[in-house]
Amino acid sequence: MDWREESVRATFVLLVASLVLIGPGLAGIGSSPVIVVALLVLAVGLFALRTRVPDGPTVRHRDLGAYGRVLWAGPAVAAAVCLAFLGATPAELQAMGGLVGLLGMANYFLRPVYRVGSAFVRRVAGT
């Protein structure tokens, strides 16, 4: 795996976490220990199923099955955010979901900067 693939997968995980946070907020559920446990149960369930995800079709040189195998990390990140902001209102949970999604998209749009930094490090290191 190279860093380019991992960068896109990190964006995917953050966008899934964003959706998982926005959903309960829209349903009127705030951050509580119950939602943290529910998200952790979802993450553990998806983690247990990750080995059953076959290699998917390749779209734009990306194996879609690889995204299914990291799907569990989205609810885990969402649970961590809920735990960090325990007691947040539903509107605040939606806002945090939006910020996590914004962070994911910033990661996606910064990939050219990562590429330039990687080329610079390779040049300086002489590899």
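Residues numbered from 1 in each chain as written. Predicted model: local features only at pLDDT ≥ 70, side-chain atom pairs only at ≥ 80, totals over all residues. Heavy atoms only, no water.

Q: Explain the overall build of the chain to me, please; I cannot follow it from the model alone.
A: Of regular secondary structure, the chain possesses six helices and two strands. Going from N to C terminus, the chain has its helices and strands arranged as α-α-β-β-α-α-α-α. Its C-alpha atoms give the chain principal-axis dimensions of about 55 × 30 × 25 Å. When burial is assessed residue by residue, the chain has 31% of its 127 residues classed as buried. Contacts spanning at least 24 positions in sequence make up 79% of the contacts within the chain whose residues lie at least 6 apart. For the chain, the exposed surface amounts to about 7,700 Å²; the carbon and sulfur share of it is 73%. Within the chain, one finds 11 positive and 6 negative side-chain charges whose respective centroids are separated by 6 Å. (Helix = DSSP H or I, 4+ residues; strand = E, 2+ residues; numbered from the N terminus. Buried < 20%, exposed > 50% of the residue type's maximum accessible area, 1.4 Å probe, protein only. Contact = heavy atoms within 4.5 Å. Areas by Shrake-Rupley, 256 points an atom, 1.4 Å probe, with all protein chains shown as cover. Lys, Arg positive; Asp, Glu negative; His and termini not counted. Charge placed at Lys NZ, Arg CZ, Asp CG, Glu CD.)

Q: Please explain the environment of His61 as it appears in this structure.
A: Inspection of the secondary structure puts His61 in the loop between strand S1 (58-59) and strand S2 (62-63). Using a relative accessible area of 75% as the deciding quantity, one classes His61 as exposed. C-alpha of His61 to C-alpha of Arg115: the two residues are 54 residues apart in sequence and 17 Å apart in space.

Q: Explain the packing of helix H1 (residues 3-26) against helix H5 (residues 90-109) here, please?
A: In helix packing, the relevant descriptors are the interaxial angle and the interaxial distance, both defined with respect to the helix axes. One can describe the packing of H1 onto H5 by two numbers: an axis separation of 8 Å at closest approach and a directional angle of 165°. Here H1 lies roughly antiparallel to H5, going by the angle between them. Relative to H5, the crossing made by H1 is left-handed. (Axes fitted to C-alpha atoms, helices over the stretch in contact; angles between N-to-C directions. Parallel < 35°, antiparallel > 145°, perpendicular 65-115°, else oblique. Left-handed = near helix turned anticlockwise from the far one by under 90°.)

Q: Would you explain the pattern of salt bridges in this entry?
A: When charged atoms on two side chains of opposite charge get close, those side chains can pair. Enumeration according to the criterion identifies one salt bridge in this entry. A salt bridge links Arg9 to Glu6; the shortest N-O distance between them is 3.1 Å. Of the two residues, Arg9 and Glu6 both sit in helix H1, three residues apart, roughly one turn of that helix. Residue classification places Arg9 among the buried residues on the basis of a relative accessible area of 9%. Under the relative-accessibility criterion, Glu6 is labelled partly exposed at 38%. (Salt bridge = Lys/Arg side-chain N within 4 Å of Asp/Glu carboxyl O.)

Q: Would you take a moment to explain the confidence of the model for the chain for this structure?
A: Interpreting fine coordinate detail is not advised for predicted regions of low pLDDT. For the chain, the mean per-residue pLDDT works out to 89, and 97% of the residues sit at or above 70. Within the chain, helix H4 (residues 73-84) carries the highest mean pLDDT (96), whereas S2 carries the lowest (70). (pLDDT = per-residue confidence, 0-100.)

Q: Explanation requested: the environment of Ile22 in the structure shown.
A: One can find Ile22 in helix H1. With a relative accessible area of 26%, Ile22 lands in the partly exposed category. Expressed as a C-alpha distance, the spacing of Ile22 and Val100, which sit 78 residues apart in the sequence, is 9.9 Å. Filtering out sequence-adjacent residues up to four positions away, Ile22 remains in contact with Gln94, Gly97 and Gly98.

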